[in-house]
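# Structural features, examined
One letter stands for each residue in the lines below.
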Amino acid sequence: MGLHRFHPTPSGRMGTLWTLSTIRNAALVEFGSMGHMLYGRATLKRMGKNPDCKLYSTHINESDIAMGETKRLTQAIADIVLRDQPRVIFVLPSTIPEMIGTDLSALCRELQTSYPHVRLLPFGAGGFNVELHRGVQETLLLLATTLPQAVPPTPNPTFNLIGSCTDLFQFNADAQEIVRIMEGAFGIKPLCIMTSDTSVEDIEHMGGAHINLVIRREGLSAACHLQQKFGTPLVEGRPYGMQGTYSWLEQIAQLLDKPINQSFILQEQAEAQPIMEIAPGFFSHQKKPVELSIGGHADVVTGILTYACSELGLTPGLCWCDSPAMATEDLPYWQEAQWSQAVTDTHQGLLMASGEVLTWAGRNNLAMQIANPSRGWQMYPYSPPYVGFRGAMNLATMWMNEVVRML
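Residues numbered from 1 in each chain as written. Predicted model: local features only at pLDDT ≥ 70, side-chain atom pairs only at ≥ 80, totals over all residues. Heavy atoms only, no water.

### A few points about the overall build of the chain
Put simply, the test is: Numbering of helices and strands runs from the N terminus, with a helix taken as a DSSP run of H or I at least four residues long and a strand as a DSSP run of E at least two residues long. With the radius of gyration taken over C-alpha atoms, the globule rule is written as 2.2 Å times the number of residues to the power 0.38. Think of it in three bands: with a 1.4 Å probe and only protein chains considered, a residue is buried below 20% of the maximum accessible area for its type, exposed above 50%, and partly exposed in between. Any pair of residues with heavy atoms lying within 4.5 Å of one another is described as a contacting pair.
Each helix and strand counted, the chain has 16 helices and 14 strands in total. Computed over C-alpha atoms, the radius of gyration of the chain comes to 22 Å, within 12% of the 22 Å expected from 2.2 N^0.38 for 407 residues, which places it in the range of a compact globule. Out of the 407 residues in the chain, the part that is buried amounts to 52%. If you take every contact in the chain between residues at least 6 apart in sequence, the share linking residues at least 24 apart comes to 72%.

Structure representation (structure tokens):
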């Protein structure tokens, strides 16, 4: 692992915990030490989400580890069933049970007969070799393959939003903007927002949706499974920028065979016109090209950078992603050692990254944050989005003010 000055890349276990912890009418029990869950709960609140799922930890000690005891877990499950009566109990290993090979799947199968009305669902991703994004991907896929039931399509068109999870910065604001756009453009509502605003029942009824919108690549395998099982078409991508959002809507319109409400589009364009008329000229009239350096989730970085360069005329600066599995030649994966050397207080141009990177670079404007970890608390539920038409206006205005601030 080596020494870290800042937060290391979260493990797959944290990806699983953060993805599951927002699901209502469920409980999550971790077979691990008590401190894990205390810090996990605090981190969730810092990200802007009060856990909707009941979170528990069994605690384990040296004797449990040495003797391979699982009594604490079986007793915890019995207590949770009696106390909360959840529809589903997610069972998550910590690193030690994963390393010593505790077979939680077998244990859940054995206990399931005792609780016929409560689904016991074991998850993995507890070892050292699984990173955050793989944990999110495996969790979304396991939810999609186990919980959805055979239901008919909803009478009126609906959609599932797959991949809105708490580890993504501004997940609430971006999800709300997508819901607003889908209702304005097509008059359709979400069936399941997986998983930042959902319940066990919502996931069970996912098969009734008419389209699946996948807003991060980790959700693609889950959407492909739903497509095979229910025949639900999917659109992958995050809608950034005015033109980018409209192109995204055109893909959806084609799959739904449903026209876009042009009155809504004209209204959005009229609202954005004062900003979008000024912004390209503002950036082109600077003494030197305005560079945008950006680091974070690969899909967020790619989407925001494409909007900045193609619609507003900004120039790409340093760009990196936070997952080795998503790295490409044009978008490398940078660990702390790389970004802390490349991005310093002498860095020129616009910078969007995690709160820690911005602070390290001496940038006081945390409004330019696009990734976790954060040095602050993201508790305000009505922050402006980065995606969609309103996200395009928000980003353009933010970048213009940042250029003025740096003059």
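### A few points about the nonpolar core
Threshold: Remark: nonpolar core denotes a set of buried residues (Ala, Val, Leu, Ile, Met, Phe, Trp, Tyr, Cys) joined through side-chain atoms within 4.5 Å. Marked domain ranges trace back to an automatic or database domain assignment.
Formed by 72 residues in total, the largest nonpolar core has its most connected members in L213, I304, M352 and W399. For this core, the leading source of residues is helix 16 (residues 388-406), giving 9 residues. Counting residues domain by domain, this core receives three or more from each of domain 2 (158-236) and domain 3 (269-406). With residues up to four places along the chain from it excluded, the contact list for W399 reads F283, L292, I304, Y307, A308, L312, L314, L350, M352 and M368. If you look at the next biggest cluster of nonpolar residues, it comprises 35 residues, including C165, M194, V200 and I203.

### Describing the packing of helix 13 (residues 298-312) against helix 16
As a reminder, the rule being used: Every angle, taken between N-to-C directions, lies between 0 and 180 degrees, and every axis is a line fitted to C-alpha atoms, over only the stretch in contact when it is a helix. In these notes the angle categories are as follows: under 35 degrees is roughly parallel, over 145 is roughly antiparallel, 65 to 115 is roughly perpendicular, and the rest is oblique. Note that Gly is not counted as nonpolar here; it falls among the polar residues with everything else outside the nonpolar set of Ala, Val, Leu, Ile, Met, Phe, Trp, Tyr, Cys and Pro and the charged set of Asp, Glu, Lys and Arg.
In contact at an axis separation of 12 Å, helix 13 and helix 16 are set at 75° when each is read in the N-to-C sense. As far as their axial angle goes, helix 16 and helix 13 are roughly perpendicular. For the pair helix 13 and helix 16, contact is made by I304, Y307, A308 and L312 and by A392, L395, A396 and W399, respectively. Residue composition of the contact of helix 13 with helix 16, by class: 8 nonpolar, no polar and no charged.

### Focus on the packing of aromatic side chains
Using the following cut-off: Within 6.5 Å between ring centres, the rings of Phe, Tyr and Trp (the latter by its six-membered ring) count as paired, and their orientation is classed by plane angle as stacked under 30 degrees, edge-to-face over 60, tilted in between.
Using the criterion set out here, one finds 8 aromatic pairs in the structure. Between the aromatic rings of F6 and W339, the centroid separation amounts to 5.2 Å while the plane-to-plane angle is 35°, which identifies the pairing as tilted. Within this pair, whereas F6 is found in the segment before helix 1 (12-20), its partner W339 is found in helix 14 (residues 336-342), the two being separated by 333 residues in sequence. Across this residue pair, the class does not change: F6 and W339 are buried. Geometrically, the ring pair formed by W320 and W334 is stacked, given 5.1 Å between the ring centres and 20° between the ring planes. Taken as a pair, W320 in strand 12 (residues 315-321) and W334 in the loop between strand 12 and helix 14 lie far apart in primary sequence, 14 residues in all. Each member of the aromatic cluster is reached from another via a ring pair, and the members are F6, W339 and W360.

### What to know about the domain arrangement of the chain
For clarity, the cut-off: Note: buried area is the sum, over both parts, of the accessible area (probe 1.4 Å) each one loses when the two are combined. Definition used for salt bridges: Asp or Glu carboxyl oxygen within 4 Å of a side-chain nitrogen of Lys or Arg.
Its domain assignment divides the chain into domain 1 (12-130), domain 2 (158-236) and domain 3 (269-406). Computed over C-alpha atoms, the centres of domain 2 and domain 3 are 25 Å apart. Taken together, the contacts link 15 residues of domain 2 with 19 residues of domain 3. Roughly 1,500 Å² of surface becomes buried between domain 2 and domain 3 when both sides are summed, with 55% attributable to carbon and sulfur atoms. Where domain 2 packs against domain 3, one counts 1 salt bridge. R217 is paired through a salt bridge with D299; the nearest N and O atoms lie 2.8 Å apart.

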